[in-house]
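Summary of the model geometry
The chain contents come next:
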Amino acid sequence: MVEKLSDAARGKALASLVEWRYEAGDDAIFRDFKFADFSEAFAFMARVALLAEKAGHHPEWSNTYNKVTITLTTHDAGGLSDKDVSLATAIDKLLA
């Protein structure tokens, strides 16, 4: 079973995820992405879906035209876990 990050581990992880914001109430991280158009946003979502499927960890997300919002938390752990940090890092690498 995946464990929720300690306060210290969460702080360290958040320091490395500069574009991601922490939502304390949900113990989750989220990020908004903006693309040139719907096609670019959808292509990004497809790439994220492949990463998520491979990791066995699926995001909460939404898409409106050229905007994508991704929220990551590990429900089984009751909050933020290493799985969320790893997936966020992999998502960031898609944009590098």
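Residues numbered from 1 in each chain as written. Predicted model: local features only at pLDDT ≥ 70, side-chain atom pairs only at ≥ 80, totals over all residues. Heavy atoms only, no water.

The name an unreviewed UniProt entry gives the chain is Putative pterin-4-alpha-carbinolamine dehydratase, with Devosia sediminis as the organism. Taken verbatim from the UniProt record of the chain, the Catalytic activity (unreviewed entry) comment is "(4aS,6R)-4a-hydroxy-L-erythro-5,6,7,8-tetrahydrobiopterin = (6R)-L-erythro-6,7-dihydrobiopterin + H2O". Recorded in UniProt for the chain, the comment headed Sequence similarities (unreviewed entry) runs: "Belongs to the pterin-4-alpha-carbinolamine dehydratase family." (UniProt positions renumbered as here; feature names shortened; annotations may be inferred.)

This brings us to the sheet that holds strand E2 (residues 28-34). Read across the sheet, four strands follow the order E1-E2-E4-E3 without closing on themselves; strand pairing throughout is antiparallel. Taken across any chain shown, the strands that pair with only one partner, and hence form the sheet edges, are strand E1 (21-23) and strand E3 (60-64). This sheet shows a mean twist of 20° between the axes of neighbouring strands, independent of strand direction. Bridge analysis of E1 against E2 gives three bridges, and the strand direction is antiparallel. Residue pairing for E2: Tyr 22 is matched across the bridge by Ile 29. (Pairing = 2+ DSSP bridges. Helix = DSSP H or I, 4+ residues; strand = E, 2+ residues; numbered from the N terminus. Axes fitted to C-alpha atoms, helices over the stretch in contact; angles between N-to-C directions.)

Moving on, we come to the side chain of His 57. Along the chain, His 57 falls in the loop between helix H2 (38-55) and E3. A relative accessible area of 6% means that His 57 is categorised as buried. Within the structure, His 57 has its side chain in polar contact with the side chain of Asp 84 (distance 2.6 Å). Once you skip the residues sitting within four places of it in the chain, His 57 turns out to touch Ala 52, Thr 73, Thr 74, Lys 83, Asp 84 and Leu 87. (Buried < 20%, exposed > 50% of the residue type's maximum accessible area, 1.4 Å probe, protein only. Polar contact = N/O pair within 3.5 Å; in protein donor to acceptor, adjacent residues only side chain to side chain. Contact = heavy atoms within 4.5 Å.)

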